[in-house]
Amino acid sequence: MPTVICFLIFTGLAYAKQYDANSTDLTKCKVHYTRSEGSYKDFYEIANEAHGNETLLDFHFSVLAPSDAHILFTPSTKLNKGDPAYEIVLGAGGNMFSDIRRAQKASVKASTRLKNVLSSLDPQSFWIHISKLGLIEIGREGEELAFLSWKDNDPLPIKYFSFGTWPGVEAKWYYDCYPSSGSKEVVKELTHVQRLRHDLLSTYDPYIRPVLKHTDLTILKMQMNLNYISLNEYKSTLELRGTTKLSWNDEKMRWNVSDYGNTKSLHIVSRQIWQPDFVVYNAIDLMGRDVLGDHVMVVTHDGTVQWNPPIRIKAWCNITDLGHWPIDTHSCLVSLGVWNEFEFIQLHFNKEESDILGQHFQTEWEVVDVTIIANFSWDFKQANNTKPAFFKILFTLKRNSSAYSLAFFTPFLVVACGMLLTFCVSPFGHLKISLCCLQLVIISLVLVNLAETIPILPDRVPYLVLLYSYSCFASILCIIISICVINLSRSTYDSPVPHCIFTFLTATPTRIILLLPRAQVSTHYGKIDDLPILSSDENVQETWILLGKVIDRICLYVYIILIMYAVCSQY
């Protein structure tokens, strides 16, 4: 047993001496940025170092990236797609696996499934060993065992290396972290624009505000043009889409035009230079920082940066006016500001040149009014302000309710007309009860449809729901009244209606107001000696039919008043 332990210790020491000591002191490292390029542009010549045994390359580096960090080892700086080279990919597939390839973006030779090998918050350190026999090994700093390896039976004479990332991914690389390393960047002939970009961007840190003195203010000017607005009442969210116009001065991007062939402007993509990190404070997600999209930035020789990225905002909106649905009006507040170094940034919103009323596009919602409240609690004379520079946009939105009004008020008009017709048709038939039943069917269908269409919020019951609910009760009452009138008109009675009621029914004002026909009854009706007329069955029945007509006419007028009140009180 002691012999085995001694053998393992001796083997470990021999393996450890095979490679140079690793270093993770990032302050001593050289830095390289790759920004959503998807290709290899800058090449570095591998320094001639003395390695023990059969080691060809002992490469140590660190990388800060969310995924897809690419390193290319190649015999030449001029490569075509498919030319032999060693490409090592860390955190591919959304930081799920890593690969060793023998060509650019092709010919995978070895792969391992290792989740979260990279991090966008902390630099991750690695080592790469390539032997003269073609053995390629990749491991983490501090670990002797490789997590990915492959042997090439036909080794390549590598002389250069380059860093890259997958399109849409940004990475910060640390390399040559100890004195024995000495890789040199390959010098190539550059045009005026390429030389200008190299001089300005080679040492540029896009994550630091571009001022020469950190206490200087950065004035950020902004315009906004909206082309889409939508309010989701079910989720209480407001969505805005459009474009913005941003401008500021970058003190690190100034140059003398005559030194670079009269080049007056540069086009910069993505995170190659500093850009404001906007945030929606009342966003529906946790951070609300994915507000601005990618777009080319134009930089002029005096340091002025023009950036017109698309903007997409999803914010919470308090839905408070569903009681007037579908002609409801809502007020939604959007708080937009800068996330980093806000104490040294002035945010100026140009409302006059912005188009945020949305008059040129058609959506379900109409922007009635917009109120801009800019730079809350900001003192322009005081640089060190502890409150962020932001502005608030208060949108007043009104629904374009033409389609909804047509869909939901037309059935109400049909129901209302049916109620009024119920009191006008003859009680001697089936139409009177049929109209009432038709009303109930229509009301039931509309209420079911409203339950599927209108969001359920505890604030207030929508007026349309109340309108059709009350219409349902009115239809039930209409059925009850119709049954009474039919019974009064069709039943056989031995005696006429009471004299006082008959007097009211036959009075001239009653007949004119209720539009009743003249009753053909004896002039001696109601007198004691009028026994022959009392025994007339026809006259007795006419009085009860007349009573039914009066009830119909009175209910007709009452329902007309109620229907007019229901419509006019709200609309």
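Keep in mind that this is a model prediction, so the values were computed, not measured.

Student: Help me understand the overall build of the protein chain in this model?
Tutor: A tally of regular secondary structure across the protein chain gives ten helices and 24 strands. Residues counted as buried form 44% of the 571 residues belonging to the protein chain. By sequence separation, contacts in the protein chain at least 24 residues apart represent 73% of the contacts at least 6 residues apart. For the protein chain, the accessible surface area stands at approximately 30200 Å², while carbon and sulfur atoms represent 58% of it.

Student: I'm lost on the packing of aromatic side chains in this one. Help?
Tutor: Describing an aromatic ring pair means giving the distance of the ring centres and the angle of the ring planes. With the rule as written, the count across this model stands at 21 aromatic pairs. Note on Tyr44 and Phe161: the rings are 5.4 Å apart at their centroids and 20° apart in plane angle, and the pair reads as stacked. Taken together, the residues span a long stretch of sequence, with Tyr44 in strand E2 (residues 43-45) and Phe161 in strand E11 (residues 160-165) at a distance of 117 residues. Judged by its relative accessible area of 6%, Tyr44 falls in the buried class. Judged by its relative accessible area of 2%, Phe161 falls in the buried class.

Student: How should the pattern of salt bridges be read in this particular structure?
Tutor: When the charged atoms of two side chains lie near each other, side chains of opposite charge can form a pair. A full pass over the atoms with the stated rule returns nine salt bridges. Of the charged contacts in the structure, one is a salt bridge between Glu87 and Arg101, with a shortest N-O distance of 3.3 Å. Remark: Arg101 occurs in strand E6 (residues 97-103) and Glu87 occurs in strand E5 (residues 86-91); sequence separation between them is 14 residues. Between Arg241 and Glu239 there is a salt bridge whose closest N-O contact spans 2.8 Å.

Student: Explain the environment of Cys424 to me, please; I cannot follow it from the model alone.
Tutor: Mapped onto the elements of the fold, Cys424 is located in the loop between helix H4 (402-422) and helix H5 (431-453). On the basis of relative accessibility, which here comes to 46%, the residue Cys424 falls in the partly exposed class.

Student: Help me understand the confidence of the model for the protein chain in this model?
Tutor: Segments scoring low in pLDDT should not have their predicted coordinates read at a detailed level. On average, residues of the protein chain score 80 in pLDDT, and 84% of them reach the 70 mark or higher. Ignoring residues within four places in sequence, the model shows residues 4-23, a span with pLDDT below 50, making 21 contacts including any to other chains. Confidence drops under pLDDT 50 across residues 528-535; counting only partners more than four residues distant or on other chains, this segment forms nine contacts.

Student: Would you take a moment to explain the pairing of strand E12 (residues 170-175) for this structure?
Tutor: Side-chain positions along a regular strand alternate between the two faces of the sheet. Most of E12 sits inside the fold, with five of its six residues counted as buried. Two strands pair when backbone bridges link them, and strand E1 (residues 30-35) and E12 are joined in this way by six bridges, in the antiparallel orientation. Along E12, the bridge assignment pairs Thr34 with Ala171. Taken together, the four bridges between strand E3 (residues 55-64) and E12 define a ladder with antiparallel strand orientation. The partner of Leu64 across the bridge, within E12, is Lys172.

Student: Help me understand the sheet that holds strand E8 (residues 124-131) in this model?
Tutor: Paired through their backbone hydrogen bonds, the strands of a sheet run either parallel or antiparallel. Here we have six strands laid out as an open sheet, ordered E1-E12-E3-E8-E9-E10, and antiparallel in their pairing. What marks the edges here is a single partner per strand, and that holds for E1 and strand E10 (148-151). Averaged over all pairs of adjacent strands, the angle between their axes in this sheet comes to 20°, without regard to strand direction. With eight bridges joining them, E3 and E8 adopt antiparallel strand pairing. For Phe61, the partnering residue across the bridge sits in E8 and is Phe126.

Student: Whenever I open this one, the packing of H5 against helix H6 (residues 463-490) confuses me. Can you help?
Tutor: Geometry of a packed helix pair, given as the angle between the helix axes and the separation of the axes. Where H5 meets H6, the axes come as close as 9 Å, and the angle between the chain directions of the two elements is 165°. Viewed along their axes, H5 and H6 adopt a mutual orientation that is roughly antiparallel. In the packing of H5 onto H6, the handedness of the crossing is left-handed. Tallied by class, residues from the contact of H5 with H6 come to 17 nonpolar, five polar and one charged.

Reading the values: the criteria
- All chains use their own residue numbering, which begins from 1 and follows the written sequence.
- At least 70 in pLDDT is required for a residue's local features to be given in this predicted model, at least 80 for side-chain atom pairs to be given and counted, and no such filter applies to totals for whole chains, interfaces and linings, which use all residues.
- Processing note: side-chain calculations cover all non-hydrogen atoms of the structure and skip hydrogens and water entirely.
- A run of DSSP states H or I qualifies as a helix once it reaches four residues; a run of E qualifies as a strand once it reaches two. Both are numbered from the N-terminal end.
- Each residue is placed in one exposure class: buried if its accessible area under a 1.4 Å probe, protein chains only, is under 20% of its type's maximum, exposed if it is over 50%, and partly exposed if it falls in between.
- The contact definition used throughout considers only heavy atoms, calling two residues in contact when any of these lie within 4.5 Å.
- What sets the accessible areas is the Shrake-Rupley method with a 1.4 Å probe; for residues, cover comes only from the shown protein chains.
- Put simply, two rings from Phe, Tyr or Trp (the six-membered ring, in Trp's case) pair if the centres are within 6.5 Å, and we call them stacked under 30 degrees between planes, edge-to-face over 60, tilted for the rest.
- Salt bridge, as applied in this entry: a Lys or Arg side-chain nitrogen positioned within 4 Å of an Asp or Glu carboxyl oxygen.
- pLDDT runs from 0 to 100 and stands for how confident the predictor is about each residue.
- By definition, two strands form a pair when at least two bridges between them are found by DSSP.
- Between N-to-C directions, angles cover 0 to 180 degrees, with each direction set by a line fitted to C-alpha atoms, over the stretch in contact for helices.
- Note on terminology: angles under 35 degrees are roughly parallel, angles over 145 are roughly antiparallel, angles of 65 to 115 are roughly perpendicular, and the others are oblique.
- The crossing is said to be left-handed when, going from far helix to near helix, the turn is anticlockwise and less than a right angle, and right-handed when the turn is clockwise.
- Under the scheme applied here, ten amino acids are nonpolar (Ala, Val, Leu, Ile, Met, Phe, Trp, Tyr, Cys and Pro), four are charged (Asp, Glu, Lys and Arg), and all others, including Gly, are polar.

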